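# Reading the structure
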Amino acid sequence: MLIFLLRRLLNLLPTFLIASIMVFVIIYLAPGDFLTPARLNPGISAQQIENLSRSFGLDKPWYVQYFNWLNNMLHGNLGLSFSYQQPVLDVAWPRVLNSLKLVLVNLVLFYGISIPLGVYGAVRQYSLGDRVSGVFFYVLLGFPSFFLALLTIFGILRLRQLTGWHIPLGGMTSDNHDTLSFLGRTWDTLQHLLAPALVLAIINVAGFTRVLRGQMLENLRSDYIRTARSKGVPERSVIYRHTLRNAIIPFVADVGNILPGLIGGAGFVEVVFSYPGITPMLLDSLASQDFYLIAAFSILPMILLFIGNALSDILLTLVDPRIRFS
């Protein structure tokens, strides 16, 4: 497995270099830079602007800045954030962890809802429950994520008024988070993650459920399923061990695209729920043209794509014994 992962990493290197050059050039071609507001300020002299430009390295050609950035990145240094005056890694890493927590809770809810619904829709095809769930999630599929998030906030506020149950609506922790025990802090964080993660999960459930239902129906009509039933294999084993295991293979192969897609898809929800994830900081860095912070967040999806593809390859060998690393 280690040789396989190393081979995948070597294959990724050319893609990573080309993509990093494109990211750097696109950011560089944007009009203005971090010092543009300072240049418009009559209280700051040209000499001060020149000194700042030299200290930030903005006075050098783009390719010199790129190779300096690439060299620093290979040594674990993603540059200095102009806005925060701190290393980019120190500034961005807590936000990356926050977004990954949101994505992980979202994945648990997403698969916890969609797989049982997809199996139920195939086993109880055209039943009342299958029709109701299909209509319900198709209607939700038509809502934009930020609008669905606003509807969720409205629903939670009404629930608060009716029941007095305090459900967190914004941020990631409560004001008294640091005074809580370990279990208390964990529960507090999960409560804050629940609403945005549920919104993200519901948005994707409709499409996944219908495709899984179709895959299940196709496998249930296969000869090997009829053979298993004729040999007296229990129905539960036929559905979950033989049918679901084969029906879910295309989704496992697509895990590589899920991680970067979810990070990007969580953006609007993070903004609506005031969640301290990647997107709010990325929007701030775009507004202030914080060069190296933008570059770091642009490189992140490529790294997640590599991790996701490696993870999907490992999971495929577990789901389908016919697949080998060799």
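So, here's what we can say about the structure. Treat the numbers as computed from the prediction; the structure is a model and nothing was measured. (Residues numbered from 1 in each chain as written. Predicted model: local features only at pLDDT ≥ 70, side-chain atom pairs only at ≥ 80, totals over all residues. Heavy atoms only, no water.)

## Considering helix α3 (residues 46-56)
For α3, the set of buried residues is Ile 49, Ser 53 and Phe 56. Buried residues along α3 cover an arc of 70 degrees about the axis, so they all sit on one side. Buried residues along α3 sit against α2 (36-39) and α15 (291-319). Residue Gly 57 follows α3 closely and has a positive phi angle near 80 degrees. (Buried < 20%, exposed > 50% of the residue type's maximum accessible area, 1.4 Å probe, protein only. Helix = DSSP H or I, 4+ residues; strand = E, 2+ residues; numbered from the N terminus. Arc of directions from axis to C-beta. Contact = heavy atoms within 4.5 Å.)

## Focus: the packing of aromatic side chains
With the rule as written, the count across this model stands at ten aromatic pairs. Ring centres 6.1 Å apart and planes at 45 degrees place the aromatic pair Tyr 66 and Trp 69 in the tilted group. Of this pair, Tyr 66 and Trp 69 both sit in helix α4 (residues 62-74), separated by three residues, roughly a single helical turn. Among the residues examined, Trp 69 registers a relative accessible area of 2% and is labelled buried. Considering the side-chain rings of Phe 110 and Phe 208, the 5.0 Å spacing of their centres and the 65 degrees angle between planes classify their relative orientation as edge-to-face. In this pair, Phe 110 sits in helix α5 (residues 88-123) while Phe 208 sits in helix α8 (residues 182-220), placing the two residues 98 residues apart along the sequence. Look at Phe 110 and you get buried, because its relative accessible area is 9%. On the accessibility criterion, Phe 208 (10% relative accessible area) is buried. Taken together through their ring pairs, the aromatic side chains of Phe 24, Tyr 66, Phe 67, Trp 69, Phe 291 and Tyr 292 make up a single cluster. (Phe/Tyr/Trp six-rings, centres within 6.5 Å; stacked < 30°, edge-to-face > 60°.)

## With respect to a nonpolar patch on the surface
Side chains of Ile 21, Tyr 28, Leu 29, Trp 62, Tyr 63 and Phe 67 sit close together on the surface and give an oily, nonpolar patch of about 630 Å² of accessible area. Mapped onto the nonpolar patch, the elements with two or more residues apiece are α1 (2-29) and α4. Relative to the helices and strands, Trp 62 resides in helix α4. (Patch = residues over 30% accessible without salt bridge, like charges linked within 9 Å, V, L, I, M, F, W, Y side chains within 5 Å. Areas by Shrake-Rupley, 256 points an atom, 1.4 Å probe, with all protein chains shown as cover. Salt bridge = Lys/Arg side-chain N within 4 Å of Asp/Glu carboxyl O.)

## A word on the packing of α5 against α8
Running from N to C, α5 and α8 cross one another at 35 degrees; their axes reach a closest spacing of 5 Å. Crossing hand, α5 versus α8: right-handed. Looking at side-chain class alone, the contact of α5 with α8 contains 24 nonpolar, six polar and two charged residues. (Axes fitted to C-alpha atoms, helices over the stretch in contact; angles between N-to-C directions. Left-handed = near helix turned anticlockwise from the far one by under 90°. Nonpolar A, V, L, I, M, F, W, Y, C, P; charged D, E, K, R; others polar.)

## Comments concerning the nonpolar core
The biggest cluster of nonpolar side chains holds 45 residues, and the ones touching the most others in it are Ile 115, Val 199, Leu 212, Met 216 and Phe 273. Counting only elements with at least two residues in this core, the list comes to α5, α6 (128-141), α7 (145-163), α8, α9 (223-230), α10 (235-247), α11 (249-253) and α15. The element contributing the most residues to this core is α8, with 15 residues. With residues near it in sequence (within four places) discarded, Val 199 still touches Ser 145, Leu 148, Ala 149, Thr 152, Val 269 and Phe 273. Of all hydrophobic cores here, the second largest spans 31 residues; its members include Phe 24, Leu 70, Leu 300 and Leu 304. (Core = buried A, V, L, I, M, F, W, Y, C linked by side-chain atoms within 4.5 Å.)

## Description of the pattern of salt bridges
As enumerated under the stated definition, the model contains four salt bridges in all. Note that Asp 130 is salt-bridged to Arg 210, the shortest N-O span being 3.6 Å. A residue pair is termed long-range when its members are at least 10 positions apart, and Asp 130 in helix α6 and Arg 210 in helix α8 qualify at 80 residues. Here Arg 229 and Glu 235 are joined by a salt bridge, their closest N and O atoms 2.6 Å apart. A relative accessible area of 37% places Arg 229 in the partly exposed class. Classification of Glu 235 as partly exposed rests on a relative accessible area of 39%. A single salt-bridge network, built from bridges that share partners, covers Asp 130, Arg 210 and Arg 213.

## Thoughts on the environment of Pro 87
Looking at the element boundaries, Pro 87 is found in strand β2 (residues 86-87). Pro 87 sits in the partly exposed class, given a relative accessible area of 36%. In this structure, the C-alpha to C-alpha distance between Pro 87 and Asn 77, residues ten residues apart in sequence, is 7.5 Å. Setting aside residues no more than four positions away along its own chain, Pro 87 makes contact with Gly 79 and Leu 80.

## Here's the deal with the packing of α5 against α15
Where α5 meets α15, the closest approach of the two axes is 10 Å, and the angle between their N-to-C directions is 45 degrees. Considering the angle they form, α5 stands oblique to α15. Here α5 runs over α15; the crossing is right-handed. Contact residues: Val 88, Val 91, Ala 92 and Val 96 in α5; Tyr 292, Leu 293, Ala 296, Phe 297 and Leu 300 in α15. Looking at the contact of α5 with α15 residue by residue, the class counts come to nine nonpolar, no polar and no charged. (Parallel < 35°, antiparallel > 145°, perpendicular 65-115°, else oblique.)

## As for unusual backbone geometry
The phi dihedral of Gln 85 falls on the positive side, at around 55 degrees, and the residue is not glycine. Considering the arrangement of structural elements, one finds Gln 85 in the loop between β1 (80-81) and β2. Unusually for a residue other than glycine, Gln 289 sits at a positive phi of about 55 degrees.

Everything listed here is a matter of coordinates, which is why it stays silent on function.
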